[in-house]
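These are the residues of each chain, in order.
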Amino acid sequence: MTQYTLASQIAFVHLMSRKKQTFIAALGVTFGISVFIAMIGMMNGINNLLEDLTLSATPHIHMYRDIQRREPSVMQRLLGNTPLIEVHHERPKNEQKKLRNALTMLDYIRKDPDVYGASPLLTAQVFYQYGQHEIGGTIAGVDILEEHKLFGIGDKLIGGNLYDVLTTDNGIIIGSGLAETMQVNVGDKINVTTVTGTRVLLRIVGIVQMGIGAIDNSRSYSTLHTAQRLLQKDKSFITDINIKLRDLYKAKDKSHLYSNLFGYKAEDWETANASILVSFTLRNTITYSVSVALLIVAGFGIYNILNMTIYEKMRDIAILKATGFSGGDVKAIFMIQALSLGLGGAIAGLLVGLLMSYGISKIPFEAKGVINLTSLPMSFSPLYYAIGLVFGLLTTAAAGYLPSRKAGKIDPVEIIRGK
Amino acid sequence: MKEENDIVLRCSSIVKYFTTPVKFKALNNISFTIQRGEFLSLIGKSGSGKSTLLYVLSTMDTDYEGTLEINNTLLTGKTLNQLSDFRNEHIGFVFQFHFLLPEFSCLKNVMLPALKLGKKSEKEVEHDAYEKLRLLGVADQALKTANTLSGGQQQRVAIARALINNPTIIMGDEPTGNLDKTNSDIVFGIFRELTADYGQTIIAVTHDQDFAQRTDRIIELSDGELLTSNR
């Protein structure tokens, strides 16, 4: 019989002889872990939902001409940076916003094996005419098939048909919020004024709901051609290129590559959505701190109960030591008790947490403006169940360590003679 | 009784101080040897240092000067773990109180030191434990927990536990101190039998003159000094 099986035998007899205390100590861990599981499930559910929402609507890399980009003046280029030349309140020169050679760039990008697709975009600032009112918004001229491939726009139509935009002259797919405000439906016609004053009559062939209010209330889609005509530009006029990659975590590297290659600004999704990513981190931080606090409380419970047990069992410990059990053996007996409490409590906690998560995921929760949300989003990722288990064991190991060490150091002579 | 020159315990110049509440010399230059099969009693007034000496000899107290040898092994200066292992194999204890673990059956209590030693399988250990319990006449109590037994029975189970690893020495700290006359006599009888028939060495601290007089040898302490060590 090995040393540890004997120690665990004694440990289990100890635990079983105080069923109530054992139960309560384990319950503390169960509570901590189950709350952790339920909370992290909810937070991650929300995170995943938001991530899906944002990522489905945002490109991995967005390439455009950045008007912030300052080019040194001719004099500066010739003379270098000297205090002799200073230009105050410099303004960008009157330059077209278009990407030069956009179609060649598109071809090049689409040939990259890492790229899932690249979609050209031309955004037109417009006013939608609603009676006497003007509603500010944009019309995105896109290659509708490529846009469907990248962002699944066809799946987000709540009315009309995606392909009608290709066959209808001046057809647009209007945002759902916009359609609601203007009380229009598929087949209706609306007037649109561009910032340069051109007025165009457009026919609604579809209504799209992206699930993000700000977009649905202002953006419509048309073909590139319609948008170019709206702005009175030529067929090569494209202001942005949206790229989706096969592996979204390569976005940072690829954006640098394209930026250097083409000389335009290429922004990756992480930079563009920094604030959303921060909110993910914040939510996770909150979840972990609450759970750690709960587990610390549970840990103190275990610490107390073990300490009490050790005082009660002082004589037994002394006699075990007298008959040849070493300090390490005694320590093992109590560590095994702590870890069994932790393991039992944590496993029960995982089960309770799973039930709680399931319950929460069934609570009706209607949300307007966000995609088809009827109940709270819940994540059941096994990773967090593993983390919960490790958490529970670590806390109990930490809580059990000091009392166990104390038990191991008990001087048997003092106890036996102290009678 | 065996008379061959077979020394199982040798202590020389044992000096021990207590530091609380004030520094105090509890044992002063104690040296003697014990032969195999001896039944020895350690007597003295309260505070004479007899129990202190026993715990030094038991290896549980390591805070002393001088040297201690049991079974030709020098124990002074060994680590606590080495001493635990040594106690497990070579020393059996009987205390004034039985000190049986209350959650375990008598049988299991007797088995524990042997399971710790780990030289035999659980089956063999159980068989040995039954044998020891039978030797002490408490085999029928084997599966009861300790607190359902009478004081005399508890002490006999405790002796069985002390015997389970066939130790070199059994050490008793007032082994009959908590027993009535009848049970004291039974326990003494068992000790006598163990030394006479099985060649077991026994050292017992006692304040019971009658008990001491019937042992082979008396060592008397007074104020930490060895008074007599007569045969």
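The structure presented is a predicted model; accordingly, all values stated were derived computationally and were not measured. (Residues numbered from 1 in each chain as written. Chains lettered and ligands numbered in written order. Predicted model: local features only at pLDDT ≥ 70, side-chain atom pairs only at ≥ 80, totals over all residues. Heavy atoms only, no water.)

Visitor: What's the story with the sheet that holds strand β5 (residues 73–74) of chain B in this structure? I'm lost.
Guide: Neighbouring strands of a sheet are bound in pairs by backbone hydrogen bonds; such pairs are parallel or else antiparallel. Residue and element names in this part refer to chain B. Judged by pairing direction, the sheet is antiparallel, and its four strands sit side by side in the order β2-β1-β4-β5 without closing on themselves. Each end of this open sheet is capped by a strand with a single partner; those strands are β2 (24–35) and β5. On top of the sheet, helix α1 (residues 50–57) reaches β1 (7–18), β2 and β4 (65–70); it is set at about 60° to β2, its chief contact. (Pairing = 2+ DSSP bridges. Helix = DSSP H or I, 4+ residues; strand = E, 2+ residues; numbered from the N terminus. Contact = heavy atoms within 4.5 Å. Axes fitted to C-alpha atoms, helices over the stretch in contact; angles between N-to-C directions.)

Visitor: Looking at this model, I keep getting lost on helix α4 (residues 102–111) of chain A. Mind explaining?
Guide: In an α-helix, one turn spans 3.6 residues; hence positions three or four apart end up facing the same way. Residues and elements named next belong to chain A. Residues A102, M105, L106 and I109 constitute the buried set of α4. Each buried residue of α4 sits inside an arc of 100° when the element is viewed along its axis, so together they form one side. Opposite the buried face of α4, at more than 90 degrees from it, the exposed residues are T104 and K111. Against the buried residues of α4 lie β1 (61–64), β2 (115–130), β9 (240–245) and α10 (251–262). (Buried < 20%, exposed > 50% of the residue type's maximum accessible area, 1.4 Å probe, protein only. Arc of directions from axis to C-beta.)

Visitor: Looking at this structure, I do not really get the environment of A:H62. What am I missing?
Guide: All names here are of chain A. One can find H62 in strand β1. Here the alpha-carbon distance between H62 and K244, two residues 182 residues apart in the chain, equals 9.0 Å. Residues in contact with H62, not counting those within four places in the same chain, are D240, I241, N242, K265, A266 and E267. Among the polar contacts listed, one links the side chain of H62 to the side chain of D240, at a separation of 2.6 Å. (Polar contact = N/O pair within 3.5 Å; in protein donor to acceptor, adjacent residues only side chain to side chain.)

Visitor: Quick question: what am I supposed to make of the interface of chain A and chain B here?
Guide: How big an interface is tends to be stated in terms of the accessible area lost upon association of its parts. Of the residues lining the interface, 27 residues belong to chain A; the matching set on chain B comes to 26 residues. Taken over both partners, the interface formed by chain A and chain B buries close to 2,300 Å², and the fraction arising from carbon and sulfur atoms is 67%. At the surface where chain A touches chain B, the tally comes to two salt bridges. For A:K313, the salt bridge identified is with B:E103, shortest N-O distance 2.2 Å. Put simply, chain A and chain B have seven residue pairs in polar contact (both at pLDDT 80 or more) between them. Listed by contribution, the elements that provide at least two residues to the side of chain A that touches chain B are α1 (3–17), α13 (314–322), α14 (327–361) and α16 (412–417) of chain A. In terms of residues, the side of chain A that touches chain B owes the most to one element, α1(A), which gives seven residues. Within the side of chain A that touches chain B, the residues separate by chemical class into eleven nonpolar, eight polar and eight charged. (Buried area = accessible area lost by both parts, 1.4 Å probe. Salt bridge = Lys/Arg side-chain N within 4 Å of Asp/Glu carboxyl O. Nonpolar A, V, L, I, M, F, W, Y, C, P; charged D, E, K, R; others polar.)

Visitor: What is the right way to look at the nonpolar core in this model?
Guide: A general trend in soluble globular proteins is that nonpolar side chains are found buried together. Formed by 111 residues in total, the largest nonpolar core has its most connected members in B:L9 and B:M171. With nine residues, α14(A) is the single largest residue contributor to this core. When sequence neighbours within four positions are dropped, the list of residues in contact with B:M171 reads B:L9, B:L54, B:L57, B:S58, B:I70, B:I91, B:G92, B:F93, B:V94 and B:I203. Counting 43 residues, the second-largest nonpolar core is a separate cluster that includes A:A102, A:I135, A:A179 and A:I207. (Core = buried A, V, L, I, M, F, W, Y, C linked by side-chain atoms within 4.5 Å.)

Visitor: Would you explain unusual backbone geometry in this entry?
Guide: Glycine aside, residues mostly have negative phi angles, and peptide bonds mostly take the trans form. Its identity is not glycine, yet B:F99 carries a phi of approximately 55°, on the positive side. Note on placement: B:F99 falls in the loop between β6 (91–94) and α3 (106–117).

Visitor: Explain the pairing of β1(B) to me, please; I cannot follow it from the model alone.
Guide: All names here are of chain B. Judged from the eight bridges that link them, β1 and β2 form a sheet pairing that is antiparallel. Bridging from a neighbouring strand, I14 pairs with I30 of β2. Counting the residues between successive antiparallel strands, the hairpin from β1 to β2 contains five residues. Both β1 and β4 contribute to a ladder of five bridges, which runs antiparallel. From the neighbouring strand, R10 faces β4, where its bridge partner is E69.

Visitor: Got a minute to help me understand the side chain of A:T194 in this structure?
Guide: Mapped onto the secondary structure, A:T194 falls in strand β6 (residues 189–194). At 3.0 Å, the side chain of A:T194 forms a polar contact with the side chain of A:T196.

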